[in-house]
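# Reading the structure
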Amino acid sequence: MEFICKDKIIELSNPGVSSRQLLSPDNSSSKNVTITEVHLKPGAIQPRHSHNESEQIWYATKGIGKILIANNEEKEFAAGDVVRFEKDEIHGLLNDSDDEIVYISVTSPPINFCYAYKEKR
C-alpha cells in the first residue's frame, strides 16, 4: 500500500490554471499512472498540446468549457463527461464560461508535469 498525505500533494500553476498532482512521480513510486486535479478559472486556457508517450483520460467534475482538438476544432466538455486522448493526440481546454472548471486527469504511463507550469508549491 502507498498512502499519499495531503501535504505531499504538489500544486503546479500557470495564470488561471492550477494542477494538484494527486499521484505523480514526485510523490509516488507508481510506474503506471499520474493522477491530477485541474482547476481552470473563467477565461483560462490550457493550449493545444500532445503527449508523445502517454494517453490521458479526463473526467469533468465541475463546470463547462471547450476541449480544443486538432484542426482548430472544439468540443463541449461539461461536468459528468469523460474523454480519452490517445498518445500524440492534440488536446487542450478553454474555460469560456463564468464559472470554474474542474477535472480529474489520469495519464498513463505517468508524466511529471512540472515542465508545463511556471509555479510549483
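In the block above lies the structure referred to throughout.
As the structure is a prediction and not an experimental result, all values here were calculated from the model.

## Things to note about the overall build of the chain
- Scanning the chain for helices and strands turns up 0 helices and 11 strands.
- Helices (α) and strands (β) of the chain occur, in sequence order from the N terminus, as β-β-β-β-β-β-β-β-β-β-β.
- The C-alpha atoms of the chain give 14 Å as radius of gyration, which agrees with the globular expectation for 121 residues (14 Å, within 12%).
- Projected onto its principal axes, the C-alpha positions of the chain cover 40 × 30 × 25 Å.
- The buried share of the chain, reckoned over its 121 residues, is 37%.
- Considering only contacts in the chain between residues 6 or more positions apart, those separated by 24 or more positions represent 66%.
- Accessible area of the chain: about 7,100 Å², with a carbon and sulfur share of 50%.
- For the chain, the separation between the mean place of its 14 positive charges and that of its 19 negative charges on side chains is 5 Å.

## Digging into the pairing of strand 5 (residues 55-62)
- Judged from the 7 bridges that link them, strand 5 and strand 10 (residues 101-108) form a sheet pairing that is antiparallel. Paired with Gln56 across the strands is Thr107, a residue of strand 10.
- Two strands pair when backbone bridges link them, and strand 5 and strand 8 (residues 82-85) are joined in this way by 4 bridges, in the antiparallel orientation. Within strand 8, the residue paired with Gln56 across the bridge is Phe85.

## Some remarks on the environment of Tyr117
- Among the secondary structure elements, Tyr117 is positioned in the loop between strand 10 and strand 11 (119-120).
- By relative accessible area, which is 15% here, Tyr117 ends up buried.
- Once the C-alpha coordinates of Tyr117 and Asp98 are considered, the two residues, 19 residues apart in sequence, prove to be 23 Å apart.
- Sequence-distant contacts of Tyr117, that is, excluding residues within four places in its chain, are made with Leu12, Ser13, Asn14, Val17, Ser19 and Gln46.

## Focus: the side chain of Ser54
- You can see Ser54 is positioned in the loop between strand 4 (45-49) and strand 5.
- Residue classification places Ser54 among the buried positions, given a relative accessible area of 3%.
- Of the polar contacts made by the side chain of Ser54, one reaches the backbone oxygen of Pro109; its length is 2.6 Å.
- Sequence-distant contacts of Ser54, defined by excluding residues within four places in its chain, comprise Glu86, Lys87, Thr107, Ser108, Pro109, Pro110 and Ile111.

What counts and how
Residues numbered from 1 in each chain as written. Predicted model: local features only at pLDDT ≥ 70, side-chain atom pairs only at ≥ 80, totals over all residues. Heavy atoms only, no water. Helix = DSSP H or I, 4+ residues; strand = E, 2+ residues; numbered from the N terminus. Rg over C-alpha atoms; globule rule 2.2 N^0.38 Å. Buried < 20%, exposed > 50% of the residue type's maximum accessible area, 1.4 Å probe, protein only. Contact = heavy atoms within 4.5 Å. Areas by Shrake-Rupley, 256 points an atom, 1.4 Å probe, with all protein chains shown as cover. Lys, Arg positive; Asp, Glu negative; His and termini not counted. Charge placed at Lys NZ, Arg CZ, Asp CG, Glu CD. Pairing = 2+ DSSP bridges. Polar contact = N/O pair within 3.5 Å; in protein donor to acceptor, adjacent residues only side chain to side chain.

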